[in-house]
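Single-letter residue listing:
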Amino acid sequence: MFSDELKAFRRLGFRHFLLQILNFASVIASGLMLWKGLGLILNTESPIVVVLSGSMEPAFYRGDLLFLTNPPGQRYHTGDITVYRIPGAEIPIVHRVLETRDVVIPFDNSTENRLKLPPGEHQLMLTKGDNNHVDDIDLYQGLEWLDRRHIIGKVRGFLPYIGYVTIAMNDFPQLKYALLGGLGLLAIIQRE
Amino acid sequence: MAPRKNAKELPPAPSTLVRRPSSVGSPLPGPLSISIPPEERDVIKVNNYSATELKNACDDALKRYLSRPVLFKQIHLHTDVRLAFGWAGVFTAAATGLYGWKTDFEKSKPGVWAGFILYLVLTSLQTLYSYFVEGDTVFVGRRKTFSKRIITERITISSRTLPVPSSKLSLKPSPTNSPSYSLSINYVQSTSGGKSLLAKGRTQEAKEYSAFFDEKGVMAQEVFERWIGELVEAVMEGKGA
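These remarks concern the structure in this document. The shown structure was predicted, so the numbers you read here are calculated from the model rather than taken from an experiment. Think of each chain on its own: its residues are numbered from 1, step by step along the sequence as written. Chains and ligands are labelled by the order in which they are written, letters from A for the one and numbers from 1 for the other. Whole-chain, interface and lining totals are the exception, using all residues; otherwise, since this is a predicted model, local features are given only for residues with pLDDT of at least 70 and side-chain atom pairs are given and counted only at 80 or more. For side-chain calculations, the full set of non-hydrogen atoms in the structure is used, while hydrogens and water are omitted.

**Re the packing of helix α2 (residues 14-41) of chain A against helix α2 (residues 77-102) of chain B**
Axis angles are defined between N-to-C directions and span 0 to 180 degrees, where every axis is a line fitted to C-alpha atoms and, for a helix, only to the segment in contact. Secondary structure is summarised from DSSP: a helix means a run of H or I of at least four residues, a strand means a run of E of at least two, and numbering begins at the N terminus for each. With their axes 9 Å apart at the nearest point, α2 of chain A and α2 of chain B run at an angle of 40° to one another. Every pair of crossing elements has a handedness; the one defined by α2 of chain A and α2 of chain B is left-handed. Between α2 of chain A, through R15, L18, L19, I21, L22, A25, S26, A29, L32, M33 and K36 of chain A, and α2 of chain B, the contact on the second element is made entirely by T79, D80, R82, L83, G86, W87, V90, A93, T96, G97 and G100 of chain B. Among the residues forming the contact of α2 of chain A with α2 of chain B, the class breakdown is twelve nonpolar, six polar and four charged. Less than a right angle of anticlockwise turn of the near helix away from the far helix marks a crossing as left-handed, whereas a clockwise turn marks it as right-handed. The contact rule is simple, with two residues in contact once any of their heavy atoms fall within 4.5 Å. For this classification, the nonpolar set comprises Ala, Val, Leu, Ile, Met, Phe, Trp, Tyr, Cys and Pro, the charged set comprises Asp, Glu, Lys and Arg, and every other residue, Gly included, is treated as polar.

Here is the structure:
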C-alpha cells in the first residue's frame, strides 16, 4: 500500500525526509508555544481547563471548556469563579469564592516589615461549589484558607460541550495515540 | 560532440544575454548530451487535478535531471537554512515545554518567556528567509570544469505555476486549458574564483502542464527533460551566438 510513497522517499533523499518530519514537529511545537505563550500573557499556568465534575451546576456542566486569566494585582471578589489546585492534589477544582480576607500587613511582627502590601497579592479565600452542600474546607488538606498562590485563575468565559474531546482522550488513551499517529502519517506523506 | 545548432525553433520567450569572447576550447557538456537509459526510470504518477502535485513532480524531475554527476552539483543552502531554523525552533519549544512542566509556574516564568521569545525570533527569521531570500527558487547548482583553467558555472532555477488565462477558462478539462509551469533560469560562468566573468545568461519560459502529463497523470519524463535540456543549453550557449 505504501510502496509508491516509499519509492518516492528513496528518490527524494534524506534532506526531504528531514523536511517532512520537520513539518510534523513544527506543528506540535507551534501548538505548544501557543499554549505556553497564552499562559504567560494571561499569567496563568493553564489558560484553558475542562470541567470534570458536576459541582458547579447549573452554571457549568461536565465537559465545558473554561477560559482563565489571573491578573496579578487585581483582587478576587466574592462571587468570582476560580480554579485552584492544592499542592498534593493532582486535579484542579472549579468553585466559587465565598469569603475573602485581604492581608495588607504581613504576619510577622518585625518592625522593619511594617509596609502595606498591595491588596490583591496576598488574599486568603474560602470557596464552595454551587452544587455542593458544604464549603471546601475538607478539600483543603489541612489549610484553613486558600492563598493566592494556589489559584490558577479566574473564569472569564466558557464554551459548552467542547471539553468532551479532552475527556474522551483521557479516558481512552488509544484515541490520543491514534490521533497523533494519524496526524504524523498525514504530515509525512503530504507535501504542503 | 558538436554543439547543438538551433535547428528546432524555440518558442518566443524574453531572454537577455551577455557574452564575452572567451577562449574556452571545448564546449561544456549540456544536459541533453547525456541520456538516461529507459530501464532506470520509475513511473511517476500524480493527481492530475492538483496544481501543487503537478508542480512538485516537475520540480523533483528537474532536480533529478540536473543533479547527475557530470552535470551540476546541487547546492542545498536554502534547504539547510530552513532545516536549521526549523529544528532549532522545535528544540527550543521542546526545551521550554519541559522546563515549564518541571518547575513551578511562578519560578519558571522568566525561563519560559526567554524560550517563547527565542521561538518567535527563530520562526520569524525562517519565514523571512523563505519569503525574501529563497522565494521561488527550486534548484541552485554549481559545476567546476578544468579545461584550460578552472571554470565555475552557477545556475539558479525558479519555478511558478501560472493559472489558466481567463480567455481559455471552461468547465471541460482539456489539454488547452491547463495551468502552466513557468521556469526562470539564471546562468553565470566565471573563472579564477568568480573574479572574471565569462558568460551570463537568463531566460524564462512557460509551458502547459498538459504537455508533460497525460490524462491519467503519468508524467512523460523524456518530453519534460528534453524541454529542460533545451532551455538550459540555450542559456549556457547563448542564443544565436
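**Quick word on a nonpolar patch on the surface**
Taken together, the side chains of I41 of chain A together with W113, I117, V121 and L125 of chain B present a nonpolar region at the surface, about 450 Å² in accessible area. When residues of the nonpolar patch are assigned to their parent elements, the largest contribution, four residues, is made by helix α3 (residues 105-134) of chain B. Along the chain, L125 of chain B turns up in helix α3. Type-normalised accessible area, obtained with a 1.4 Å probe on protein chains alone, sets the label of each residue: buried when under 20%, exposed when over 50%, and partly exposed for intermediate values. Residue L125 of chain B is classed as partly exposed on the basis of its relative accessible area of 40%. Patch membership requires more than 30% relative accessible area and the absence of a salt bridge. Residues of like charge join within 9 Å; the nonpolar side chains Val, Leu, Ile, Met, Phe, Trp and Tyr join within 5 Å. For the accessible areas, the method is Shrake-Rupley and the probe is 1.4 Å, while residue cover comes only from the protein chains on display. What counts as a salt bridge is simple: a side-chain nitrogen of Lys or Arg found within 4 Å of a carboxyl oxygen of Asp or Glu.

**Some words on the packing of aromatic side chains**
Residue and element names in this part refer to chain B. The criterion for an aromatic pair is that two Phe, Tyr or Trp rings (for Trp, the six-membered ring) have centres within 6.5 Å, with stacked assigned to planes under 30 degrees apart, edge-to-face to planes over 60 apart and tilted to the rest. Enumeration according to the criterion identifies 13 aromatic pairs over all chains in this entry. Between the aromatic rings of F224 and W227, the centroid separation amounts to 6.3 Å while the plane-to-plane angle is 50°, which identifies the pairing as tilted. Of this pair, F224 and W227 both sit in helix α4 (residues 221-237), three residues apart, which is roughly one turn of that helix. You can call W227 buried: its relative accessible area is 5%. Each member of the aromatic cluster is reached from another via a ring pair, and the members are Y181, Y209, F212, F213, F224 and W227. We call a charge positioned above a ring when the Lys NZ or Arg CZ atom is no farther than 6 Å from the ring centre and deviates by at most 35 degrees from the ring normal. When the ring centre of F72 is taken as reference, the NZ or CZ atom of R143 above it lies at 5.0 Å.

**So, the packing of helix α3 (residues 164-171) of chain A against helix α4 (residues 173-189) of chain A**
Residue and element names in this part refer to chain A. Between α3 and α4, the least distance of the axes is 4 Å, while the angle of their chain directions is 105°. Relative to α4, the element α3 lies roughly perpendicular. Residues A168, M169, N170 and D171 of α3 form the contact with α4, whose participating residues are P173, L175, K176 and L179. The residue makeup of the contact of α3 with α4, split by class, is five nonpolar, one polar and two charged. The scheme is simple: roughly parallel for angles under 35 degrees, roughly antiparallel for over 145, roughly perpendicular for 65 to 115, oblique for anything else.

**Observations concerning the side chain of D80 of chain A**
Its place among the elements puts D80 of chain A in the loop between β2 (65-69) and β3 (81-84). Under this definition, polar contacts are N or O atom pairs within 3.5 Å; protein pairs additionally need one hydrogen-donor-capable and one acceptor-capable atom, and for neighbouring residues in sequence, both atoms have to be side-chain atoms. A distance of 2.8 Å separates a polar atom in the side chain of D80 of chain A from the backbone nitrogen of H77 of chain A.

**Details of the interface of chain B and chain A**
Tallying the contact residues gives 25 residues for chain B and 24 residues for chain A. For the pair chain B and chain A, the summed buried surface comes to about 2,300 Å²; carbon and sulfur atoms form 71% of the total. The interface formed by chain B and chain A contains one salt bridge. Two residues, R15 of chain A and D80 of chain B, come together in a salt bridge whose shortest N-O distance is 2.8 Å. Accessible-area loss on putting two parts together, using a 1.4 Å probe and summing over both, is the definition of buried area adopted here.

**Some words on α4 of chain B**
In this model, α4 of chain B (17 residues) spans 24 Å end to end at C-alpha, consistent with the 24 Å of a helix rising 1.5 Å per residue. The buried fraction of α4 of chain B amounts to 13 of the 17 residues, a majority that puts the element mostly inside the structure. Any helix carries an expected span of 1.5 Å times its number of residues minus one.

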